[in-house]
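# Notes for the structure review
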Amino acid sequence: MKKIPICLGLFAMVFSTSCNTHKQEKHEERTFVVTNPVYKDTSITKEYVSQIHAIRHIELRAMEKGYLQNISIDEGQTVKKGQALFQIMPNIYQAELQKAKAESDAASIEYQNTKLLADNDVVSQNELALSKANYDKAKAEVSLASTHLSFTSIKAPFMGIVDHLHVREGSMLDEGELLTTLSDNSKMWVYFNVPEAEYLDYMMNTQKNEKEEVSLLLANNKVFNQKGIVETIEGEFNNETGNIAFRATFPNPDSILRHGETGSVLMTIPLKHALLVPQKSTFEILDKRYVFVIDNDNIVRQKEITIGAELPHLFVVENGLSENDKILLDGIRLVKDSQKIKYELERPDEVLSHLDMYAE
């Protein structure tokens, strides 16, 4: 009876060894897909965090002291140029204007009488000049009082959108007090900072008198439906960040963009003769990027590479590879450094044409 378990144990060991050997042979017989890096002219899309500003954004402040009699608009309302927004009680300023006009009329009469006397040599020319000066002063007082009165009616200097109201009807206003802000959103200025190296690439690659077209990625991860134009670059670099500010102008016909929004400017940058490898052929160890290169003896060698840019499914390689290298395309988790493998070489163009279909 004791022989039976021993025999069963020996059989299990033999069967297990046989299965392991079979699996190992099957693993060794696997054929891997290998390809070459390839040089191509392409482009990348750079993303820059941006601030969105209205083309005109101003503060509306009270030019006179007084009681706020009326507010004619509401927050977020679109107003036309010249439309009345706020009314300060004008009574005092109207009275001052009437007083100034009366004094001007009196000065005018006095001047006319003095002129008549001067023409008949009754008074001197100096007295006539003094009377004329008093009359001119009175007219200036009328103009000043009229200006003060006009400041009690606050109107929109341009078509725009009214922001938050900082006062309410019945408020006592001081001179210079903030009432609201007004934004002209017909066009938007989008500011973004560019590092020095990328600024130099931009200046060297952009033709004179040509304006770069850019897109705007909004906070909801959707691209704005209008294209922008890079119109200006500031004159100095920021010494602390090493960046320089660009400004792109975007039309805003549907008033989607508002002053103070954030987003990301998307700028397409051409790359000439860039060395491309599939992203899936690379792996990362301690923040360094590697590929498996197959040598002339079909031995896998781990090799570090430097990535210059990232494209969909592709990396642009700056250092570490040449177009004659053979790199492992799939199965990178199934091989080890210095392992000998069997492989099939697939042309780079074939790999690129259906790259998104590959799966580990």
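Residue indices follow the written sequence of each chain, beginning from 1 at its first position. Where totals are concerned, whole chains, interfaces and linings use all residues; where local detail is concerned, this predicted model gives features only for residues with pLDDT of at least 70, and gives and counts side-chain atom pairs only at 80 or more. Here the side-chain values reflect all heavy atoms present in the structure, with hydrogen atoms and water set aside.

### Considering the pattern of salt bridges
A pairing counts as a salt bridge when a side-chain nitrogen of Lys or Arg comes within 4 Å of a carboxyl oxygen of Asp or Glu. In total, this model carries 11 salt bridges according to the counting rule given. Between Asp 349 and Lys 40 there is a salt bridge, with its nearest N and O atoms 3.7 Å apart. Of this pair, Asp 349 sits in helix α5 (residues 348-353) while Lys 40 sits in strand β2 (residues 38-61), placing them 309 residues apart in sequence. By sharing partners, the salt bridges in this structure join Lys 132, Asp 136 and Lys 139 into a single network. Helical segments are the DSSP runs of H or I of at least four residues, strand segments are the runs of E of at least two, and each set is numbered from the N terminus.

### Remarks on empty space enclosed by the protein
Empty space left among the atoms is revealed by rolling a probe the size of a water molecule over them. Buriedness of a pocket was judged along seven lines, with at least five required to meet protein on both sides within 12 Å; pockets are open sets of points on a 1 Å grid over the protein atoms alone, cavities are sets where a 1.4 Å probe fits but cannot get out, and lining residues have an atom within 4 Å of a point. Grid points are joined across faces, edges and corners, and a volume is the space filled by probe spheres set on the points. The full count for this structure, using the stated rule, is 1 cavity of 30 Å³ or more. As a volume, the largest cavity reaches approximately 30 Å³. Put simply, the parts of the chain that give the lining of the largest cavity at least two residues each are β13 (262-278) and α5. Classification convention: Asp, Glu, Lys, Arg as charged; Ala, Val, Leu, Ile, Met, Phe, Trp, Tyr, Cys, Pro as nonpolar; all other residues, Gly among them, as polar. The class makeup of the residues in the lining of the largest cavity is 8 nonpolar, 2 polar and no charged.

### Observations concerning the sheet that holds strand β3 (residues 66-71)
Two strands form a pair only when DSSP identifies at least two bridges running between them. Ordered in space as β6-β5-β3-β8, the 4 strands form an open sheet in which the pairing is antiparallel. Looking at strand neighbours, the two that pair on one side only are β6 (153-155) and β8 (172-173), the edges of this open sheet. The pairing of β3 with β8 spans 2 bridges and is classified as antiparallel. In the strand pairing of β8, Gly 66 is matched with Leu 173.

### Notes on a nonpolar patch on the surface
Nonpolar side chains collect at one region of the surface, where Tyr 67, Met 89 and Met 172 lie side by side and expose about 300 Å² of accessible area between them. By relative accessible area, Tyr 67 is classed as partly exposed at 36%. Residues qualify for a patch when their relative accessible area is over 30% and they have no salt bridge, like charges being joined within 9 Å and the nonpolar side chains of Val, Leu, Ile, Met, Phe, Trp and Tyr within 5 Å. Shrake-Rupley sampling with a 1.4 Å probe provides the accessible areas, and residues are treated as covered by the protein chains on show and by no other component. Burial here depends on accessible area, computed with a 1.4 Å probe over protein chains only, as a share of the maximum for the residue type. Under 20% is buried, over 50% is exposed, and the range in between is partly exposed.

### Structural notes on the confidence of the model for the protein
Confidence of the prediction at every residue is given by pLDDT, a number between 0 and 100. Overall, the prediction assigns the protein a mean pLDDT of 88, with 90% of residues at 70 or greater. Per-residue pLDDT stays below 50 along residues 23-27; that stretch engages in 2 contacts with residues further than four places along the chain or on separate chains. It only takes one pair of heavy atoms within 4.5 Å for two residues to be counted as in contact.

### Side note on the pairing of strand β11 (residues 228-233)
Pairing analysis gives 2 bridges linking strand β10 (residues 213-217) to β11, with the strands arranged antiparallel. Bridged to Glu 213 within β11 is Ile 229. The sheet contact formed by β11 and strand β12 (residues 243-251) spans 4 bridges and is antiparallel. Looking at β12, one finds that Val 230 is bridged to Ala 248.

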